[in-house]
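Here are the chains, one letter per residue:
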Number of protein chains: 2
Amino acid sequence: MQLHKMWQDYPNLVPELEMTIQLMENSVKLKNKSVEKAILDMIHSGGKLLRPAYQLLFFQFGPNQDVKKATSLAAAIEMLHTATLIHDDVVDRAELRRNLPTINAQFDNTTAVYAGDYLLISCFKLLADYTQTLNSLRINSRNIEKILDGELGQMNNRYRLDGTIDEYLENISGKTAELFALSCGIGAMESGCSEKFSKKCGEIGLNIGLAFQIIDDLLDYTQSSEKIGKPVLEDVRQGIYSLPLLYALQENKAQLSPYLLKKEQMTTADAQAVWQIVQQSKGIEKAKKLASDYTNKALKAIEKLPDTPKQTKTHLYNLTASILQRQN
Amino acid sequence: MQLHKMWQDYPNLVPELEMTIQLMENSVKLKNKSVEKAILDMIHSGGKLLRPAYQLLFFQFGPNQDVKKATSLAAAIEMLHTATLIHDDVVDRAELRRNLPTINAQFDNTTAVYAGDYLLISCFKLLADYTQTLNSLRINSRNIEKILDGELGQMNNRYRLDGTIDEYLENISGKTAELFALSCGIGAMESGCSEKFSKKCGEIGLNIGLAFQIIDDLLDYTQSSEKIGKPVLEDVRQGIYSLPLLYALQENKAQLSPYLLKKEQMTTADAQAVWQIVQQSKGIEKAKKLASDYTNKALKAIEKLPDTPKQTKTHLYNLTASILQRQN
C-alpha cells in the first residue's frame, strides 16, 4: 500500500495514515470474498486520505493522545467517505475511479449498493467502538445525517435556472464540507478538547470543505478547452449547475437558457458555448474569489490555534494552503 | 395512518405501534420535501411492522418499562428495514411496493440510493439516542453489519447448482433472520434483561426469522399454477435458488440443469417445467417440514418464557403461530 506522494511532506503523519488504512482493511470482513477484495482494492487505490488526515491533525490538540483511538476514528471517517463514493458511482453509472473499475462495473449495482451500505454500517461500528461517550456519538450521527440530507438537497435544485449562490453553498455544505467539518470537529472533541474549541475546529473544517468543493467545481471550467467538454457537459446535462455557471446565470440568463433548456439533449458544442458565456460573464473569476475567501478564513483561524509539541499548526496551515491552491 | 388489520387481535400493542410510526415520521426531516414525502408515504403504506412488534413485545420482559425508549428502538428497527427495502427496490428495478410506486420509480435511482442511506443513518441516530450503553450499541452495530454481510453473501451463490441447504440457511439468516433476532434481542436487553436471557430471546427471533423466510420462499412455489410463473421465474433467472429448488436439485440435478443453465434466457414455460420437477421431487414438502421445525422450536422456547403482567407470552405465541401459518 503506497500512500499518496503528497504525504512525503508530512512524515509525522505517515505512520498514522498507514495504521488508518490497516484498520479499514481489518474492518472489511465479508463472506463474499470477491466483493471483499473489490472494497479492499478501492481502499488501496490511493485516495488522498484528506479527511482522516485532518481528523488526525486536530486530534493532536487534546490531552488524550491515544493513537489507536485516533486512527480508528480516522478509519471510520474514510469508510464513510468510501461508502458515499461507491454509491455515487452507482448513481453516476461511473465505470472508473482512480483508474480502477468501479464496484458497479466489476460486479453490478446490487453488489455496489450493498457494499456501500456495509461500509456505512462499519463506519458506525468503528465510531461506537471508539467514541468517548454516547453523547458524542449522538452528535456524530446527527452530522452524518446532515450529509445525506445535503446529497438529497442537491437533487432538488436540478435544472433550476434561478438557483441562488446561497442554495449552492448549502448543497456543497452537505455534500462535501460537512464531512470536513466532522473530521476536524471529531478530532478535537475525541482527544478531549472542550466542546467550544471543538466547534471552532469544526468551523475551520467547514471553510476548508467549502473552498475544496468550489475549487473542484472550478476545475471543470478552468482546464484547457479541449478537455473542457466532458465534465461540464455531464453535470450540466444532469441539471447540476455549479458556482461559475450560477454566477453567469445572474448576468446572462437569456443567453444561457436556450442551451440549458436542452437538458439531456445538450451536445458537446452546446457545452463549449456555455463555457464561453461563463468565461465572458466572469463566472470563473468570481468563483475563484469566493474560494479564496473561504481559504483565507480557514488559514486565519488556523493561525490562531494553540501551539502543540508536534507543530500541528504549521502542518495544518501547509496542508490547507497546498490542497486549496490546486491549479486555481 | 391505518395499522395493518392483523393488529386488531393485539389491542395492547396498537398504541405503541402507532407511536412507533409517529417517531419514524418525526425522524424524517429533509430539505428535499418531495423525497421526504415519498419516504413518509412508504412508512404509511401499511407494512406489517412485525419487527417493531417483536421488539416491543420482548421489551415487556425487563424491569425498565420506558415507553418512549421502547418505541424509539422499534422505530430504529423499522427504519433499518425500510432502508433495505428501498435499496432492494433499486437493485431489483421494482416499480411497485405495497401498491405504491417505489422511490426509484417515482424519482430515480440516485434519490432512492441516498434516501435509503439517509434512513440507515437515521436508524443509528435513534439507536444512539436511546440505547442504554455504548456497549449495547456496539453489539447492535455488529449485528447490523452481519445483516449486510448476508445480503452480499447471497450474491456469491448465484447460479450455483451445488448450493447446499446450510449455505441457503446462512444466507437467509443474514438477509432476514438476523433482523428478527436483533429485534427480539434488543427488546429484551434494552428493557434491562440479563445478557444471557437477551441472547435466548435473540435465538427465538432467529428461528422465527428462518421460518418466516422459508415460508416466503415457499409461497413462490405453492401458489396456484397460473400465478406461479412470475415470482419463481424472476428469482431463478437471477440465479437465486431457494429451498424447494435446492432440495429438488439434490434429487434431480440432471433434469433441472438444462433449464437453469439458460439463466436470464429462461422462458415462462421453462419456469413451469422447473416448478413441475420441484413438485415431483418433494422439494416443497421438505421445505414445509423445515419451516415447521423452526416454527416449533420458536414456539417451544416462547412457552418457556417467564410470565408478565401484560401476558406477553400468549401474545408472542399467537403472533408467531399466526404469521408462520400463512398459507403453507
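What counts, and where the lines are drawn
- Residues numbered from 1 in each chain as written.
- Chains lettered and ligands numbered in written order.
- Predicted model: local features only at pLDDT ≥ 70, side-chain atom pairs only at ≥ 80, totals over all residues.
- Heavy atoms only, no water.
- Contact = heavy atoms within 4.5 Å.
- Buried area = accessible area lost by both parts, 1.4 Å probe.
- Salt bridge = Lys/Arg side-chain N within 4 Å of Asp/Glu carboxyl O.
- Helix = DSSP H or I, 4+ residues; strand = E, 2+ residues; numbered from the N terminus.
- Nonpolar A, V, L, I, M, F, W, Y, C, P; charged D, E, K, R; others polar.
- Least-squares fit on C-alpha atoms with pLDDT ≥ 70 in both.
- Buried < 20%, exposed > 50% of the residue type's maximum accessible area, 1.4 Å probe, protein only.
- Phe/Tyr/Trp six-rings, centres within 6.5 Å; stacked < 30°, edge-to-face > 60°.
- Axes fitted to C-alpha atoms, helices over the stretch in contact; angles between N-to-C directions.
- Parallel < 35°, antiparallel > 145°, perpendicular 65-115°, else oblique.
- Left-handed = near helix turned anticlockwise from the far one by under 90°.

## Considering the interface of chain A and chain B
Where interface size is given, it is often the accessible area lost as the parts come together that is meant. Counting residues at the interface gives 47 residues for chain A, matched by 47 residues for chain B. Interface area, chain A with chain B, both sides summed: about 4500 Å², of which 63% is carbon and sulfur. On inspection of chain A and its partner chain B, the count reaches six salt bridges. We note a salt bridge from A:Glu170 to B:Lys31, for which the minimum N-O separation is 3.7 Å. Every element with two or more residues in the side of chain A that touches chain B is listed here: α2 (33-44), α4 (67-91), α6 (109-130) and α7 (134-156) of chain A. Each residue belonging to the side of chain A that touches chain B can be placed in one class, and the counts come to 17 nonpolar, 15 polar and 15 charged.

## Quick word on the relation of the copies chain A and chain B
With an RMSD of 0.0 Å, the fit of chain A onto chain B corresponds to turning through 180° and sliding 0.0 Å along the axis. The superposition operator between the copies reduces to a two-fold rotation axis. When each C-alpha of chain A is compared by its distance to the rotation axis, A:Leu134 comes out closest, at 2.9 Å. Counting the interface residues of chain A, we find that 100% of their copies in chain B are interface residues as well, pointing to one common contact surface.

## Focus on the pattern of salt bridges
It is possible for side chains bearing opposite charge to pair when their charged atoms get close. Under the definition given, this model contains 30 salt bridges over all chains. Residue A:Lys289 pairs with A:Asp293 through a salt bridge whose shortest N-O separation is 3.0 Å. Of this pair, A:Lys289 and A:Asp293 are both found in helix α13 (residues 283-303), four residues apart, which corresponds to roughly one turn of the helix. We classify A:Asp293 as partly exposed; its relative accessible area is 34%. A salt bridge links B:Asp270 to B:Lys262, with the shortest nitrogen-to-oxygen separation between them at 3.2 Å.

## Topic: the packing of aromatic side chains
Residue and element names in this part refer to chain A. Scanning the entire structure with this criterion turns up 11 aromatic pairs over all chains. With a centroid separation of 5.2 Å and an interplanar angle of 50°, the aromatic rings of Phe180 and Phe212 are classed as tilted. Here Phe180 is found in helix α8 (residues 165-190), whereas its partner Phe212 is found in helix α9 (residues 195-222), with 32 residues between them in sequence. When sorted by exposure, Phe180 lands in the same class as Phe212, which is buried.

## Remarks on the packing of α4(A) against α8(A)
Residue and element names in this part refer to chain A. Two numbers describe how α4 lies on α8: the axes approach to 11 Å, and their chain directions differ by 165°. It follows from the interaxial angle that α4 and α8 lie roughly antiparallel. The two elements α4 and α8 meet at a crossing, and its hand is right-handed. Of the residues in α8, those in contact with Lys69, Leu73, Ile77, Leu80 and His81 of α4 are Leu179, Leu182, Ser183, Ile186 and Glu190.

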